[in-house]
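Secondary and tertiary structure notes
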Amino acid sequence: MGVKHGEKERQGRQSHGMVILAAAFILTSLLIFCGSNNVIEEVYSNFHVAINNAPGTTNLKKWPWKGGYVPVHGNKNMSLHCHHCALVTSSSHVLGTGAGAEIDRTQCVIRMNDAPTLGFEADVGNRTSLRVIAHSSVLRVARKMPEFLHRAVGNPVVIFWGPPNKMGKEANGSLFRLIQRVMAYSKLSCFTIAASKMRRFDNLFHTETGLDRQKSHSWLSTGWFTMVIAIEICDSITVYGMVPPNHCGQPKGAQKVPYHYYKPRGPDECVTYTQHESSRRGNHHRFITEKQVFARWAKQYNVTFVHPSW
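Residues numbered from 1 in each chain as written. Predicted model: local features only at pLDDT ≥ 70, side-chain atom pairs only at ≥ 80, totals over all residues. Heavy atoms only, no water.

Some points on the pattern of salt bridges
As enumerated under the stated definition, the model contains five salt bridges in all. The partner of Glu-208 in a salt bridge is Arg-296, and the shortest N-O contact between them spans 2.3 Å. In this pair, Glu-208 is assigned in helix H8 (residues 195-209) and Arg-296 in helix H11 (residues 287-301), connecting sequence segments 88 residues apart. On the accessibility criterion, Arg-296 (26% relative accessible area) is partly exposed. Overlapping salt bridges, with partners in common, bring together Asp-114, Arg-140 and Lys-144 in one network. (Salt bridge = Lys/Arg side-chain N within 4 Å of Asp/Glu carboxyl O. Helix = DSSP H or I, 4+ residues; strand = E, 2+ residues; numbered from the N terminus. Buried < 20%, exposed > 50% of the residue type's maximum accessible area, 1.4 Å probe, protein only.)

Here we look at unusual backbone geometry
Of note, the amide linkage connecting His-307 to Pro-308 takes the cis form, showing an omega dihedral of 5 degrees. Locating Pro-308 in the fold gives a position in the segment after strand S10 (303-306). Phi angles above zero are rare outside glycine, and His-217 is one such case at about 55 degrees. Counting through the fold element by element, His-217 comes out in the loop between H8 and strand S7 (218-219). Residue His-217 is classed as partly exposed on the basis of its relative accessible area of 36%. A positive phi is found at Asn-302, a non-glycine position, where the angle reads about 60 degrees. For Asn-302, the position within the fold is in the loop between H11 and S10.

A look at helix H9 (residues 222-233)
In this model H9 runs 16 Å from its N-terminal to its C-terminal C-alpha over twelve residues, within 8% of the 16 Å that 1.5 Å per residue would give. By the criterion of burial, H9 is predominantly enclosed, with twelve of the twelve residues buried. For H9, every residue scored as buried is listed here: Thr-222, Gly-223, Trp-224, Phe-225, Thr-226, Met-227, Val-228, Ile-229, Ala-230, Ile-231, Glu-232 and Ile-233. At the N-terminal boundary of H9, the capping side chain belongs to Ser-221, with an oxygen 3.2 Å from the backbone nitrogen of Gly-223. (Expected span 1.5 Å × (residues − 1). Polar contact = N/O pair within 3.5 Å; in protein donor to acceptor, adjacent residues only side chain to side chain.)

Thoughts on the nonpolar core
Counting residues in each nonpolar core, the largest one holds 42 residues, and the members touching the most others are Ile-193, Phe-201, Trp-224, Met-227 and Trp-297. Sorting elements by how many residues they give to this core places H9 first, with eight residues. Each residue touching Ile-193, except ones within four places of it in the same chain, is listed here: Gly-68, Tyr-69, Ile-159, Phe-160, Trp-161, Met-198, Phe-201, Phe-225 and Ile-229. Counting 16 residues, the second-largest nonpolar core is a separate cluster that includes Val-72, Phe-148, Phe-160 and Leu-175. (Core = buried A, V, L, I, M, F, W, Y, C linked by side-chain atoms within 4.5 Å. Contact = heavy atoms within 4.5 Å.)

Some thoughts on the sheet that holds strand S5 (residues 157-161)
One open sheet accounts for eight strands, arranged S1-S6-S5-S4-S3-S2-S8-S10; its pairing is mixed. Edge positions in the sheet fall to strand S1 (69-71) and S10, since each of these pairs with one other strand and no more. In this sheet, adjacent strand axes meet at a mean angle of 25 degrees when their direction is disregarded. Bridge count between strand S3 (residues 108-112) and strand S4 (residues 130-134): three bridges; the pairing is parallel. For Met-112, the partnering residue across the bridge sits in S4 and is Val-132. Set on the sheet, H8 makes contact with S1, S5 and strand S6 (189-193); between it and S6 the angle comes to about 60 degrees. (Pairing = 2+ DSSP bridges. Axes fitted to C-alpha atoms, helices over the stretch in contact; angles between N-to-C directions.)

A short note on the confidence of the model for the chain
Caution is warranted with low-pLDDT regions, since their predicted coordinates should not be read in detail. Residues of the chain with pLDDT of at least 70 account for 78%, and the chain-wide mean is 83. Note that residues 19-37 has pLDDT below 50 and, in this model, zero contacts with residues that lie over four places away or in other chains. (pLDDT = per-residue confidence, 0-100.)

Notes on the environment of Glu-269
Topologically, Glu-269 is positioned in helix H10 (residues 269-278). Spatially, the C-alpha atom of Glu-269 lies 4.1 Å from that of Tyr-259, the residues being ten residues apart in sequence. In this structure, Glu-269 is in contact with Ser-91, His-93, Val-243, Val-257, Pro-258 and Tyr-259, ignoring residues within four places of it in sequence. Within the structure, the side chain of Glu-269 is placed 2.9 Å from the side chain of His-93, a separation counted as a polar contact.

Here it is as structure tokens:
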């Protein structure tokens with residue numbers, strides 16, 4: 001009897017312990033969930049405060065600085081103009097869309113950084129008219145130049161952006177010299193963004209958001225540069241794969257999707273967005289803030305978002 005009684009007590013203690021562990025797990029999960037929601041809510045709250053204090057808006061169709069592109073070789077002018085453009089993002093949301101043929105039928109196709117087409121043609125198409133590349137992607141692009149050169153159609157344009165001390169022709173920056181060597185025998189028309197125009201991009205961010213880029217510890221994203229350039233050169237734009245600014249605050253936004261369609265094991269998109277947006281230490285992209293601006297620009301500049309549509 002004593003043994004059976006002791007066994008029952010032991011089982012009772014185990015059951016009690018399991019209940020406590022289960023309760024602790026549920027409580028922890030709720031705290032994490034609520035904490036994530038609080039971060040997202042803070043992100044949108046901070047943006048709305050900033051946008052309400054924004055100095056104004058800029059008419060990019062009348063932007064007095066449509067020049068500012070420095071040729072890597074020779075004295076070419078960046079004169080690309082298109083009636084309709086497909087801006088293909090690097091988001092995993094483009095996967096499974098089957099939009100490749102539609103993209104390739106568009107007059108001009110714009111891509112970013114080292115996003116490949118090889119192996120992804122069914123969803124992202126094959127043609128490229130303009131590729132906008134960040135200073136941080138120059139080495140990766142250099143390694144993929146055989147692919148880009150082999151698949152180039154017509155006379156594609158490449159625009160590199162980055163710190164003037166590294167990318168500036170006048171400063172003889174290290175990355176500028178690398179770009180000159182890599183592009184020396186290519187048929188691509190290559191440009192960097194002049195230092196004066198880089199300052200314009202910063203001023204535009206301040207005008208549209210009320211946030212000083214440097215004081216708010218922000219780095220402008222390649223998406224920011226690409227969208228502005230696309231508005232400059234395109235009469236209408238269809239953007240493929242870009243999510244709306246409130247996407248990660250919605251229940252469906254909890255679904256894990258890789259940040260880049262060509263890196264299936266890369267970081268989660270929404271985690272990346274919220275971490276960058278909420279961080280106050282170091283410099284980070286403000287992806288959600290930028291998308292809020294893009295949503296406003298869409299009404300002004302004939303921009304349509306698909307996959308997802310918004």
